[in-house]
Amino acid sequence: MSSFRSLLPALQAVAARCPRTQTCTSLRTYATEAAANYDHKPSHYGQPLFQSHPHLPKTVRPNELTPGIPSEEYERRRKDLMDSLPSNSVVVLIAAPVKYMSGSIFYKYRQASDFWYLTGFEEPDSAVVLEKNSSSRGYRMTLFSNGKDSAKEKWEGPRTSFDDALNVFKADDALTIKAFPAQLRSMISLYSNVYIDLPQSPRKNARSTKSLLRYLSPPVNPRSEYETVVESLSSSRRKPLAPLIAQLRAFKSDCEQQVMRTAADISGRSLAKTMRFTRPGISESALAAHFEYLCCLSGSQRLAYVPVVASGPNALIIHYTSNNQVVQDGEMILMDAGCEYNGYASDITRTYPANGAFTPPQKELYSAVLSAQKALVELCTEAEGLSLHDLHRKSCDLLRQELKQIGFALHTGDLERVLYPHFLSHPIGIDLHESLHSDRAELYVVLTVLASLDLEFTIHARLKAGMVITVEPGIYVPPTAQFPKYFHNIGIRIEDDVLVGENHPVVLSVSAPKEVCPDILSLLDKLKTSRAQI
């Protein structure tokens, strides 16, 4: 208080020199600015829009419906889908349900990918119906949602009004979700071709009422009216929708490419900083937390998947996500991690020495995998005319050659069944694994299903410009006598997100260092000098 009193004479002198009206005007200006900012809190919408978040120009711009994707692009996606369908067709999509960890404790909400791709609408308890017609637009869009509900919004936050569903999301009609089952039954009765997918059941097998399991879990909820209506359709009228949307999603627009580059940049820089943060004695979980923290600081909404932080022999487990052990001196760390940014995933893997220095066997095996990976990336062009399957076969050939040069005497099955048991690549975009699975155990089942569909993006279809895929060869050497002891318990994978070009690929994840020298070694040299700055 005494220090404040000592300032009073100076403050009074300044006030005396300021005209009274100017002072009042200045104060009113600040008050107005504050009021303008608070006018956006709480938001009037169920998701960030420019109208509600103008203070975040880098997040969503005036012409964008979702960050990075303009409203016109959503319109084009819907039109492309509807133009591809025969006359007398209708499309039905429902939003993802809220998922629960236990009881009433819910997870952070994520919209169903296909629903979001066509609408940009991010609220649960919603649905959309697209009816093909002869208008200039080519279809009629009805969006179902909760609309405004002051009682619910007090607990769960704002929701988009029906008027805004029309004006912002460009629906022709907006109705309450409560009317959806009755409206659906009425609408689909008018069409010969109903493109619709049943929601996935959380349990594949129905339980017997006599099963002891009924005492261990709550009873199965009754089927929704939506499922009942859909299942009542004849098989000749009901058509699968997901494969058609997958065909559209296979090719990334310029806007999508930019968002994916940003997602990969965030992940790549976060991974590089996490590499510098690494030291012997730190826990795997601490490295996973550090990566996630850095991604969130850079604007990521969530991780794209549970990260793999595998130290030493843990790297031999392909999907090691326990991340509950301590990093030892002399070990390598295989870190497979990526964030989701504005609806799009990234997927990067780097393997590096925990103490900043490769041992001779670590460096030899790492260099072998890196050489193959770089050669495979260069093949990711439309001009090469290769498919994902072709790329995988080439990865086996390249890795076999590299391993032979460093002393491996491989027999039939050693590479594909033991040292390199996973597929080389998968498409990536809104989903981490876009449109098809690439786990080798499921590969032949998937190919059988896809063989009957005229899709642009299957394992045997040629890569085309605009597609985005991962390239992730790996070698995992178990401690068995058939392989050189020199390399036992070393697991190495190197993965990049690659945009297929006509003649040249673009590595979206270029921000993550992978060269032995100078990238990784110079980065890790800073462990001793700059850790305090991380």
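Predicted model, so just to flag it, every value in this text is computed and none were measured.

(A) Local environment of the packing of helix α10 (residues 254-277) against helix α11 (residues 284-297). It is the contact of α10 with α11, at a shortest axis distance of 9 Å, that shows an interaxial angle of 140°. Overall, the two elements α10 and α11 adopt an arrangement that is oblique. Crossing hand, α10 versus α11: right-handed. Contact residues: α10 offers I266, S267, S270, L271, K273, T274 and F277, while α11 offers A286, L287, H290, F291, L294 and C295.

(B) Local environment of the nonpolar core. In this structure, V91, L365, Y366, L391, F408 and I475 are the most contacted members of the largest nonpolar core, which totals 109 residues. Element by element, the count of residues in this core is highest for α10, at nine residues. Once residues within four sequence positions are removed from consideration, L391 is found in contact with L376, L379, C380, L386, L424, L463 and I469. Formed by 16 residues, the second largest nonpolar core is a distinct cluster that contains F144, M187, I188 and L233.

(C) Quick peek at the pattern of salt bridges. According to the stated counting rule, one finds 28 salt bridges in the structure shown. Of the charged contacts in the structure, one is a salt bridge between D114 and R249, with a shortest N-O distance of 2.4 Å. Of this pair, D114 sits in helix α4 (residues 113-119) while R249 sits in helix α9 (residues 242-249), and the two are 135 residues apart along the sequence. Neither D114 nor R249 differs from the other in exposure class; each is buried. Each member of the salt-bridge network shares a partner with another, and the members are R110, D114, R249, K252, R302, E340, D431 and E434.

(D) Broad picture of unusual backbone geometry. Residue N88 is not a glycine yet carries a positive backbone phi of 65°. Unusually for a residue other than glycine, N489 sits at a positive phi of about 65°. Note that N489 resides in the loop between β18 (474-477) and β19 (490-493). According to the relative accessible area criterion, N489 is partly exposed, its value standing at 29%.

(E) Spotlight on the sheet that holds strand β12 (residues 308-311). One open sheet holds the three strands; their spatial order is β12-β13-β16, and the pairing between them is antiparallel. Only two strands of the sheet have a single partner each, and these edge strands are β12 and β16 (348-353). Strand-to-strand twist of the sheet, defined as the mean angle between neighbouring strand axes without regard to direction, takes the value 10°. In terms of strand pairing, β12 meets strand β13 (residues 332-337) through four bridges, oriented antiparallel. Paired with S311 across the two strands is I333, which belongs to β13.

(F) Expanded view of the packing of aromatic side chains. Enumeration over the complete set of coordinates arrives at eight aromatic pairs. Considering the side-chain rings of F408 and F487, the 5.2 Å spacing of their centres and the 25° angle between planes classify their relative orientation as stacked. Here F408, found in the loop between α13 (388-405) and α14 (414-419), pairs with F487, found in the loop between β18 and β19; they are 79 residues apart in sequence, far enough to count as distant. When sorted by exposure, F408 lands in the same class as F487, which is buried. Aromatic rings pair up to connect F408, F483, Y486 and F487 into one cluster. Positioned above the aromatic ring of F277, the side-chain terminus of R279 is 6.0 Å from the ring centre.

(G) Summary view of the pairing of strand β20 (residues 496-499). A two-sided burial pattern is seen for β20, the buried positions comprising D496 and V498 on one face and D497 and L499 on the other. Here four bridges tie strand β17 (residues 468-471) to β20, and the two strands are oriented antiparallel to one another. Opposite I469, over in β20, you have V498 as the bridge partner. Where β20 meets strand β21 (residues 506-507), two bridges bridge the pair, whose relative direction is antiparallel. Residue pairing for β21: L499 is matched across the bridge by V506.

(H) Quick look at the sheet that holds β21. Overall, antiparallel pairing links the three strands, which are arranged β17-β20-β21 in an open sheet. The sheet is open, and its two borders are formed by β17 and β21, each paired with just one other strand.

(I) Highlighting the packing of helix α12 (residues 360-378) against α13. Two numbers describe how α12 lies on α13: the axes approach to 9 Å, and their chain directions differ by 150°. In terms of orientation, α12 lies roughly antiparallel with respect to α13. When you trace α12 past α13, the crossing you get is right-handed. Where α12 approaches α13, its residues L365, A368, V369, S371, A372, A375 and L376 are matched on the opposing element by L391, K394, S395, L398, L399, E402 and L403.

(J) Looking closely at the environment of C296. For C296, the position within the fold is in helix α11. Remark: the alpha-carbon pair of C296 and Y341, spanning 45 residues in sequence, is separated by 9.4 Å.

(K) Seen up close, the pairing of strand β7 (residues 139-145). Buried residues dominate β7, accounting for six of its seven residues. Here strand β6 (residues 127-132) runs beside β7; their pairing, made up of six bridges, is antiparallel. Across the sheet, residue A127 finds its bridge partner in β7, namely F144. Counting the residues in the hairpin turn of β6 and β7 gives six residues, including G138, whose phi is positive at 95°. Inspection of the sheet shows β7 paired to strand β8 (residues 173-176) by four bridges, in the parallel sense.

Cut-offs applied
Residues numbered from 1 in each chain as written. Predicted model: local features only at pLDDT ≥ 70, side-chain atom pairs only at ≥ 80, totals over all residues. Heavy atoms only, no water. Axes fitted to C-alpha atoms, helices over the stretch in contact; angles between N-to-C directions. Helix = DSSP H or I, 4+ residues; strand = E, 2+ residues; numbered from the N terminus. Parallel < 35°, antiparallel > 145°, perpendicular 65-115°, else oblique. Left-handed = near helix turned anticlockwise from the far one by under 90°. Contact = heavy atoms within 4.5 Å. Core = buried A, V, L, I, M, F, W, Y, C linked by side-chain atoms within 4.5 Å. Buried < 20%, exposed > 50% of the residue type's maximum accessible area, 1.4 Å probe, protein only. Salt bridge = Lys/Arg side-chain N within 4 Å of Asp/Glu carboxyl O. Pairing = 2+ DSSP bridges. Phe/Tyr/Trp six-rings, centres within 6.5 Å; stacked < 30°, edge-to-face > 60°. Lys NZ or Arg CZ within 6 Å of the ring centre and 35° of its normal.

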